[in-house]
Amino acid sequence: MPYYQRQLATTFLRRVSKELDPQGKPALQLLQRKKPPDALLHEGFLTQYNGDTCKWKKNYFILLGNCTLEWFDSKEVNSILTHCWKHVLCFSFQVDYTHRDQDPLNGPPEEFLLFLYHPFRKSFCFCTNSAKSQHAWKSVLRDGIRYCSTVLQRQDSFEVEAFLEAVRFYRQEKGSYGAGDLLLGTEPEILSNVLMEDLLPVLQSQVPPNLKGSESRKKQTWCQFLEEVYTLVLSQVSSEFLDFQRENEKLNIQLEKKIRPDLDQMLILKDQISIKLQAVIQNPVESFCHLGVEPDLDCVMEELIRPISLGFDVVRSLFTDRIDEMIRHLTTGLMQVLTLGEMPWKPGFMEPCYEEANLYKDSLQGLKEKFGFHGVTSLVLRAQNLMQQLMQNSVHTFHQLSEQHLSLAINHSQITQTLEKIKTRVLKVRCMMFLPSVCAKSYFIGSYSLCTYWPFCSVCCLGLCVPHMSQSLSCSGWIDTEVVVGKFPDCCADSFFNLVVVGFQKFDHDSSSIRKQFAQEWLVQIFLPFLLKNLEPKCKLVRPDSE
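Quick caveat, the model's predicted, so the values are computed rather than measured.

1. Considering the overall build of the chain
Looking only at helices and strands, one finds 14 helices and 12 strands in the chain. Buried residues in the chain amount to 44% of all 547 residues. Accessible surface, the chain: about 30100 Å² in total, of which carbon and sulfur atoms supply 56%.

2. Considering the nonpolar core
Among the nonpolar cores identified, the biggest contains 56 residues, and Leu-304, Phe-319, Tyr-360, Met-391, Phe-398 and Leu-419 are the most heavily contacted of them. Every element with two or more residues in this core is listed here: helix 6 (263-328), helix 8 (351-357), helix 10 (366-371), helix 11 (376-405), helix 12 (412-426) and helix 14 (506-539). Ranked by residue count, the leading element in this core is helix 6, at 13 residues. Here Leu-419 is in contact with Met-326, Ile-327, Leu-330, Val-337, Phe-398, Ser-402 and Leu-406, once residues within four sequence places are set aside.

3. Things to note about the environment of Lys-57
Take Lys-57: it is sitting in strand 2 (residues 55-63). Counting along the chain gives 69 residues from Lys-57 to Phe-126, while the straight-line C-alpha distance between them is 9.4 Å. In this structure Lys-57 touches Leu-46, Thr-47, Gln-48, Asp-73 and Trp-85, once residues within four positions along its chain are discounted.

4. Regarding unusual backbone geometry
Most peptide bonds are trans, and most residues other than glycine sit at a negative phi. Phi is positive for Cys-54, close to 60°, though the residue is something other than glycine. Structurally, Cys-54 can be placed in the loop between strand 1 (42-50) and strand 2.

5. Here we look at the packing of aromatic side chains
Within this structure, the stated rule accounts for 23 aromatic pairs. Aromatic side chains Tyr-4 and Phe-244 sit 5.1 Å apart centroid to centroid with 70° between the ring planes, which places their arrangement in the edge-to-face category. Pair noted here: Tyr-4 is in helix 1 (residues 2-19) and Phe-244 is in helix 5 (residues 215-259), with a separation of 240 residues, a long-range link. Assigned by exposure class, Tyr-4 and Phe-244 land together as buried. A network of ring pairs unites the aromatic residues Phe-61, Trp-71, Phe-93, Phe-124 and Phe-126 as a single cluster.

6. Focus: the packing of helix 11 against helix 12
Running from N to C, helix 11 and helix 12 cross one another at 140°; their axes reach a closest spacing of 10 Å. By the angle class used here, helix 11 and helix 12 are oblique. Crossing of helix 11 against helix 12: the hand is right-handed. Counting all contacts with helix 11, which are made through Ser-394, Thr-397, Phe-398, Leu-401, Ser-402 and His-405, the residues of helix 12 involved are Thr-418, Leu-419, Ile-422, Lys-423, Arg-425 and Val-426. Class assignment of the residues belonging to the contact of helix 11 with helix 12 gives a composition of five nonpolar, five polar and two charged.

7. Thoughts on the pairing of strand 1
The two faces of the sheet receive side chains in turn, since in a regular strand these alternate between them. Pairing of strand 1 with strand 2, which is carried by nine bridges, proceeds in the antiparallel orientation. When the sheet's bridge partners are listed, Asn-50 is paired in strand 2 with Lys-55. Connecting the antiparallel pair strand 1 and strand 2 is a turn made up of four residues, with Cys-54 showing a positive phi of about 60°. The pairing of strand 1 with strand 7 (residues 124-128) spans two bridges and is classified as antiparallel. Residue pairing in the sheet places Thr-47 in a bridge with Cys-127 of strand 7.

8. A few points about the pairing of strand 7
Most of strand 7 sits out of view: five of its five residues are buried. Of the two faces of strand 7, both are covered, the one formed by Phe-124, Phe-126 and Thr-128 as well as the one formed by Cys-125 and Cys-127. Examined bridge by bridge, strand 6 (residues 112-117) and strand 7 share five bridges and lie antiparallel to one another. Residue pairing across strands places Leu-116 opposite Phe-124, the latter belonging to strand 7.

9. Some words on helix 12
Its 15 residues give helix 12 an end-to-end C-alpha distance of 21 Å, which sits within 8% of 21 Å, the value for a rise of 1.5 Å per residue. All of the buried residues in helix 12 are Ile-415, Thr-416, Thr-418, Leu-419, Ile-422, Lys-423 and Val-426. The buried residues of helix 12 occupy an angular sector of 165° when projected down its axis, which confines them to one face. Regarding helix 12, its N-cap is Asn-411, as a side-chain oxygen of that residue lies 3.2 Å from the backbone nitrogen of Ser-413 further along.

10. Concerning the side chain of Gln-48
Summarising the element assignment, Gln-48 is placed in strand 1. Residue classification places Gln-48 among the buried positions, given a relative accessible area of 14%.

11. Overview of a nonpolar patch on the surface
Together, Val-524, Leu-528 and Leu-532 line one region of the surface with nonpolar side chains, adding up to about 220 Å² of accessible area. Assignment of secondary structure puts Val-524 in helix 14.

12. Section: helix 3 (residues 158-173)
In this model, helix 3 (16 residues) spans 22 Å end to end at C-alpha, consistent with the 22 Å of a helix rising 1.5 Å per residue. Every buried residue of helix 3 is listed here: Phe-158, Val-160, Ala-162, Phe-163, Leu-164, Glu-165, Ala-166, Val-167, Arg-171 and Gln-172. One or two positions beyond helix 3, positive phi appears at Gly-175, with a value near 90°.

13. Some points on the pattern of salt bridges
Tallied over the full model, the rule gives 17 salt bridges. The partner of Asp-156 in a salt bridge is Arg-15, with the nearest N and O atoms 3.5 Å apart. You can see Asp-156 sitting in the loop between helix 2 (131-149) and helix 3 and its partner Arg-15 sitting in helix 1, a full 141 residues away along the chain. With relative accessibility at 24%, the residue Arg-15 sits in the partly exposed group. A salt bridge links Arg-306 to Glu-303, with the shortest nitrogen-to-oxygen separation between them at 3.4 Å. In this pair, Arg-306 and Glu-303 both sit in helix 6, three residues apart, roughly one turn of the helix. Overlapping salt bridges bring together Arg-14, Arg-15, Asp-156, Glu-161 and Glu-165 as one network.

14. Brief notes about the environment of Glu-70
Here Glu-70 lies in strand 3 (residues 68-72). According to the relative accessible area criterion, Glu-70 is buried, its value standing at 9%. Separated by 27 residues in the primary sequence, Glu-70 and Glu-43 have C-alpha atoms spaced 9.5 Å apart.

15. A short note on the side chain of Thr-128
Looking at the element boundaries, Thr-128 is found in strand 7. Those residues in contact with Thr-128 that sit more than four places away from it in its chain are Leu-46, Glu-110, Phe-112, Ser-133, Gln-134 and Trp-137.

16. Observations regarding the packing of helix 1 against helix 6
At their nearest, the axes of helix 1 and helix 6 sit 11 Å apart, and the two run at 110° to each other. Viewed along their axes, helix 1 and helix 6 adopt a mutual orientation that is roughly perpendicular. On the side of helix 1, the interface is formed by Leu-13, Val-16 and Ser-17, while helix 6 contributes Leu-263, Met-266, Leu-267 and Lys-270. Of the residues belonging to the contact of helix 1 with helix 6, the class tally is five nonpolar, one polar and one charged.

Definitions and limits used
Residues numbered from 1 in each chain as written. Predicted model: local features only at pLDDT ≥ 70, side-chain atom pairs only at ≥ 80, totals over all residues. Heavy atoms only, no water. Helix = DSSP H or I, 4+ residues; strand = E, 2+ residues; numbered from the N terminus. Buried < 20%, exposed > 50% of the residue type's maximum accessible area, 1.4 Å probe, protein only. Areas by Shrake-Rupley, 256 points an atom, 1.4 Å probe, with all protein chains shown as cover. Core = buried A, V, L, I, M, F, W, Y, C linked by side-chain atoms within 4.5 Å. Contact = heavy atoms within 4.5 Å. Phe/Tyr/Trp six-rings, centres within 6.5 Å; stacked < 30°, edge-to-face > 60°. Axes fitted to C-alpha atoms, helices over the stretch in contact; angles between N-to-C directions. Parallel < 35°, antiparallel > 145°, perpendicular 65-115°, else oblique. Left-handed = near helix turned anticlockwise from the far one by under 90°. Nonpolar A, V, L, I, M, F, W, Y, C, P; charged D, E, K, R; others polar. Pairing = 2+ DSSP bridges. Expected span 1.5 Å × (residues − 1). Arc of directions from axis to C-beta. Polar contact = N/O pair within 3.5 Å; in protein donor to acceptor, adjacent residues only side chain to side chain. Patch = residues over 30% accessible without salt bridge, like charges linked within 9 Å, V, L, I, M, F, W, Y side chains within 5 Å. Salt bridge = Lys/Arg side-chain N within 4 Å of Asp/Glu carboxyl O.

Read these as spatial facts, not as claims about activity.
Structure, rendered in structure tokens:
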């Protein structure tokens with residue numbers, strides 16, 4: 001916890017200083033919805049295998065909106081006599097169709113098996129009655145695990161930021177740069193996984209050599225021992241973290257009293273220290289970046305952008321198709337619109353989007369060996385979360401606009417026209433226009449400003465300045481703008497034209513902003529640990545008085 005207390009003050013100062021800066025993340029245009037549905041996400045009968053008794057038992061399972069998996073002896077869950085078991089999904093679980101254990105299963109009633117694996121806990125084995133049910137449960141369990149895994153990453157608080165940075169610094173002082181996938185889960189889970197990372201090599205060297213019996217028996221004993229150790233560690237960490245959270249409230253009040261009154265002086269001192277540190281490390285950092293980072297920067301950026309862009313395209317397509325289908329079969333108006341909120345959590349519905357994010361597992365494998373990057377799972381989950389959030393926001397915006405405007409529609413035709421207009425507001429068709437390109441000329445379209453700095457000839461300089469033009473047009477931050485160059489038969493060699501495709505779409509604006517932020521975030525997470533690992537022996541404690 002000393003690491004956390006130190007970082008808490010640092011992140012609090014950073015957060016307060018940002019309050020003085022009016023610039024921040026680009027505002028999203030779609031209405032935001034942060035929480036999953038409060039109701040259950042999925043339910044149905046599953047047959048569960050008991051490894052101790054080697055028997056199968058049929059129970060009724062439900063997955064709640066808080067990602068808690070509950071099961072009952074019968075479907076009548078409201079009965080007082082019905083016994084309930086609960087298990088909260090967490091990051092370390094993996095869903096699979098394959099039986100990994102050496103011990104065979106005792107006569108599964110059906111062939112459609114489903115497994116939940118955990119590195120330190122007893123595995124779950126289920127059996128469904130059809131391939132459709134098997135796929136649906138796998139989909140919703142993966143959704144639940146992903147949602148629980150990224151619970152901290154979805155929070156925008158300086159306390160969470162301080163906690164995650166404290167874990168990084170703790171591991172960094174031990175020579176481990178980059179936390180990888182250890183930063184997934186709740187605070188107690190993250191701390192428990194970090195402790196298990198330290199304990200596991202010691203336990204592996206001491207316990208297995210002293211185990212007796214057959215290989216199967218040794219493995220079973222070792223797994224039971226690991227589960228008991230992990231349960232004990234998690235219980236102790238959870239208890240201590242709960243106590244620390246109570247103390248943390250007092251610490252936050254103290255930080256408010258200490259930092260805010262002297263904020264200006266602290267920021268001046270911070271800038272002075274930063275200037276001195278930069279003078280010491282700037283040359284070695286720039287030199288190493290030039291040799292070790294820049295040659296791979298464009299390639300990595302492309303690999304980061306491609307899958308999430310494909311995923312966002314699928315999100316747009318799924319949303320459009322679902323709205324069009326609803327309008328074609330419209331019967332009850334607003335009641336049908338209300339059911340759209342289930343789309344992002346409907347089993348299998350978002351699967352085509354998530355498959356695009358899974359491309360990272362192959363395309364980024366080389367980063368592990370070259371840069372020591374071990375966070376591909378975190379990156380995939382983050383991309384999938386953003387796809388689901390974009391779908392949630394689109395649906396939520398459509399729903400809110402429908403509530404505002406459908407009340408004015410009095411017949412089926414007007415309802416249909418209103419819904420079409422609402423869909424257009426969320427996914428508006430691009431408008432195209434030709435603008436003469438004049439250096440440093442600003443064009444105002446409505447309330448939006450487009451600034452062009454790179455004139456080009458559409459005939460003899462075709463396409464040469466497109467990257468620069470795209471950058472200059474989108475730099476204003478007003479709108480997501482694309483530039484498309486066309487060859488026009490009537491134009492001469494000394495005529496300059498821009499075919500500018502201007503998108504006023506809420507969806508495209510948000511997807512572009514999120515995509516750029518995602519790429520920037522992960523470029524830092526990929527290259528910064530690699531940079532620190534190689535430079536710290538030269539730059540470590542260059543100014544110990546500035547710690």
